[in-house]
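Structural overview for review
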Amino acid sequence: MKYKLTSMRKRKILELSDFHQIGGAAIAAGRISSSLKQKNIEVQRISSDSRESNATLFLGRKTQLIRDFLVLMNLSSLATGVVRKETIRQFHLLIQRYAPDGILIHNIHGVGWPIELVAIAANHAPTTWTLHDC
């Protein structure tokens, strides 16, 4: 893993939590985000239910329709694979868009995000995975 940090620009953190305001992990994510912003660090929070369209990681309409069709056809395992693949694809795009210096991960299980997101994050930037409700 090779990380590129430059000292000339403002530090950027990408923070991932399944929900934006609901639950202990979301509350902790918000507090950490506020603390980092007070230190003049740019934080982009990503969740499944953010009110900001550029700060969500969710299935698009097309993927939802395919998933629903596969479940209806009693092909749930295929539906799970489609959802997993699309979630991972979207996460890669978010990391590329924000090019963070670090990634903070909180709960990811509440919306069924794959655990592979942690490995993907770690391959792009130093990553901290904070476990909640252990």
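First things first, this report covers the structure right here in the doc. Everything quoted here is computed from the prediction, not taken from an experiment.

About the criteria used
- Residues numbered from 1 in each chain as written.
- Predicted model: local features only at pLDDT ≥ 70, side-chain atom pairs only at ≥ 80, totals over all residues.
- Heavy atoms only, no water.
- Helix = DSSP H or I, 4+ residues; strand = E, 2+ residues; numbered from the N terminus.
- Buried < 20%, exposed > 50% of the residue type's maximum accessible area, 1.4 Å probe, protein only.
- Areas by Shrake-Rupley, 256 points an atom, 1.4 Å probe, with all protein chains shown as cover.
- Core = buried A, V, L, I, M, F, W, Y, C linked by side-chain atoms within 4.5 Å.
- Contact = heavy atoms within 4.5 Å.
- Polar contact = N/O pair within 3.5 Å; in protein donor to acceptor, adjacent residues only side chain to side chain.
- Pairing = 2+ DSSP bridges.
- Right-handed = clockwise from strand over helix to strand, strands pointing away.

Turning our attention to the overall build of the chain. Helix and strand content of the chain: 4 helices and 4 strands. Taken from N to C terminus, the helices and strands of the chain fall in the order β-α-β-α-α-β-α-β. Out of the 134 residues belonging to the chain, those deemed buried represent 38%. Carbon and sulfur atoms make up 57% of the accessible area of the chain, which totals about 8,400 Å².

Turning our attention to the nonpolar core. If you look at the biggest cluster of nonpolar residues, it comprises 17 residues, and the most contacted ones within it are Leu14, Leu16, Phe91, Ile103, Ile105 and Leu117. Among the elements that take part in this core, helix H3 (residues 76-98) stands out by supplying 5 residues, more than any other. In contact with Ile105, not counting residues within four places along its chain, are Leu16, Leu117, Val118, Ala121, Thr127, Thr128, Trp129 and Thr130.

The subject of this paragraph is the side chain of Arg45. Tracing the chain through its elements places Arg45 in strand S2 (residues 42-46). On the basis of relative accessibility, which here comes to 15%, the residue Arg45 falls in the buried class. Polar side-chain contacts of Arg45 include one of 3.5 Å to the side chain of Glu15. Looking at Arg45, its side chain comes within polar contact range of the main-chain oxygen of Ala26, at 3.3 Å.

Along a regular strand, successive side chains alternate from one face of the sheet to the other. Among the 5 residues of strand S1 (residues 12-16), 4 are classified as buried, and the element is accordingly described as predominantly covered. As paired strands, S1 and S2 are joined by 5 bridges and run parallel to one another. From the neighbouring strand, Glu15 faces S2, where its bridge partner is Arg45. Handedness of the S1-helix H1 (residues 24-38)-S2 crossover: right-handed. Here S1 pairs with strand S3 (residues 102-105) via 4 bridges, running parallel. Of the residues in S3, the one forming a bridge with Ile13 is Gly102.

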